[in-house]
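Observations on chain architecture
What follows is each chain in one-letter form.
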Amino acid sequence: MSGAYDDRDGTIWMDGMMTRWRDAKVHILTHAMHYASSVFEGERAYNGKIFKSRKHSERLHRSAKLIDFEIQWSVDEIEKVKEQVLRASRLKDAYVRAIAWRGAGEDMGVASARNPVHLAIAAWEWGAYYGDAKTKGAKLDISKWKRPSPETIPCEAKAAGLYMICTMSKHAAEAKGCSDAMMFDYRGYVAEATGANIFFVKDGEVHTPKPDCFLNGITRQTVIGMLQEKGIKVHERHIMPEELEGFEQCWLTGTAAEVTPVGQIGDYNFEVGALARDIAADYERLVRE
């Protein structure tokens, strides 16, 4: 399946019904389009099974509550729908997107308590997020935008509005020939990439930013567990920019990114080393078990 995302064959589940792909539309005065009142999940299926599916469905519910709305479908119901959507896609390996949002209703200002909440789930084929970076290492820019303070955003929510500066940062990175951008947080600590968490290696130990103002990714948590099972010490801590020069290896984690080694961040270079390659290979085996 290829082409523009609004012009494809297939079906998308919307509000209880399987809908023809091209007919899966919303009104122009949908509240989420104007005020970003939406939350979503990106998930991957391998060999016909969605990895950590229930954790994603649970987080979707938590995210909705954090931005002040309720999803009427339970976690169990969402799980069944995702299975239905995956079967309808006829794909064994697929990317699955669940999204919940405030729709058009009686309110069209900032407040939208009277507007209905909708849910849609789609699946499509999506290859490596960073192309051939898994072997060569991704090249990252350093974004001018910073992850905001948790006093200004619901940083534990996977909410659409929080990605605005990520889109801007990734566009700027791509204009420089990079795959993505690394972001600092509001205090100046290393935070994450635009859609992935980040890890570093030094002297056989792993260092990763403490997720106190950005999303603690499901893939991030999985990889930390894998490292600990290998007996590798993991430091979750604040990382200063000047420390980048001393790290030997680096990789990104995320549902779309999976585990992708990084070869360069700004002027800092990293080896696509044994640990980065091993963790990427171990993750690939794990998701296909």
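Look a little higher up for the structure.
The notes below deal with the structure included here. (Residues numbered from 1 in each chain as written. Predicted model: local features only at pLDDT ≥ 70, side-chain atom pairs only at ≥ 80, totals over all residues. Heavy atoms only, no water.)

1. Some words on the overall build of the protein chain
Note the following rule: Helix and strand definitions here come from DSSP, where helices need a minimum of 4 consecutive H or I residues and strands a minimum of 2 consecutive E residues; each element is numbered from the N-terminal end. A radius of gyration in this sense is built from C-alpha atoms; the matching globule rule multiplies 2.2 Å by the number of residues raised to 0.38. For every residue, the accessible area obtained with a 1.4 Å probe (protein chains only) is divided by the maximum for its type, and the residue is called buried under 20%, exposed over 50%, and partly exposed between those limits.
Summing up its helical and strand segments, the protein chain has seven helices and 15 strands in all. Taking 289 residues into account, the globule formula puts the C-alpha radius of gyration at 19 Å, and the protein chain, at 19 Å, falls close to it. Counting only C-alpha atoms, the protein chain reaches 55 × 40 × 35 Å along its principal axes. A burial count over the protein chain gives 50% of its 289 residues as buried.

2. A closer look at the environment of L140
Our working rule: Only heavy atoms matter for contacts: two residues are in contact if any of them lie within 4.5 Å across the pair.
Within the secondary structure, L140 is located in strand 7 (residues 138–142). Given a relative accessible area of 1%, L140 falls into the buried group. Here the alpha-carbon distance between L140 and A173, two residues 33 residues apart in the chain, equals 7.0 Å. L140 has contacts with C178, D180, A181, M182, L252, V262, Q264, I265 and G266, leaving out every residue within four places of it along the chain.

3. Let's talk about the sheet that holds strand 3 (residues 38–46)
This is how the line gets drawn: We call two strands paired when DSSP finds no fewer than two bridges between them. Angles run from 0 to 180 degrees between N-to-C directions of axes, and those axes are lines fitted to C-alpha atoms, restricted for helices to the stretch in contact.
What the six strands build is an open sheet, ordered 2-1-6-5-3-4; its pairing is antiparallel. One side of each edge strand has no neighbouring strand; the edge strands of this open sheet are strand 2 (17–20) and strand 4 (49–50). Pairing geometry for strand 3 and strand 5 (residues 94–102), over eight bridges, is antiparallel. Bridging from a neighbouring strand, V39 pairs with A100 of strand 5. Set on the sheet, helix 3 (residues 75–89) makes contact with strand 1 (11–14), strand 2, strand 3, strand 4, strand 5 and strand 6 (117–124); between it and strand 6 the angle comes to about 35°.

4. Here we look at the state of the cysteines
Using the following cut-off: Cysteine sulfur atoms are paired as a disulfide whenever they fall within 2.5 Å.
In total, this model carries zero disulfides according to the counting rule given. This cysteine, C155, is not joined by any disulfide, and C213 carries the nearest cysteine sulfur, 6.5 Å off.

5. Things to note about the pairing of strand 10 (residues 197–202)
Within strand 10, five of the six residues are buried, which leaves the element mostly enclosed by the surrounding structure. Direction of pairing for strand 10 relative to strand 13 (residues 249–254): antiparallel, over a ladder of five bridges. Looking across to strand 13, one finds that I198 is bridged to L252. Taken together, the three bridges between strand 10 and strand 11 (residues 205–209) define a ladder with antiparallel strand orientation. Each bridged residue has a counterpart across the sheet, and for K202 the counterpart in strand 11 is E205.

6. Quick look at the nonpolar core
The tendency in soluble globular proteins is for nonpolar side chains to be buried side by side. Using the following cut-off: In plain words, nonpolar cores are sets of buried Ala, Val, Leu, Ile, Met, Phe, Trp, Tyr and Cys residues tied together by side-chain atoms within 4.5 Å.
One finds I71, L119 and I121 to be the most contacted residues of the largest nonpolar core, which totals 26 residues. When near neighbours in sequence (up to four residues on either side) are disregarded, I71 contacts L60, H61, A64, I78, A100 and L119. Grouped together as the second largest cluster of nonpolar side chains are 20 residues, L140, I198, L252 and F270 included.

7. Considering the side chain of H56
Mapped onto the fold, H56 is located in helix 2 (residues 53–66). Setting aside residues no more than four positions away along its own chain, H56 makes contact with E41, G42, E43, F51, K82, I218 and T255.

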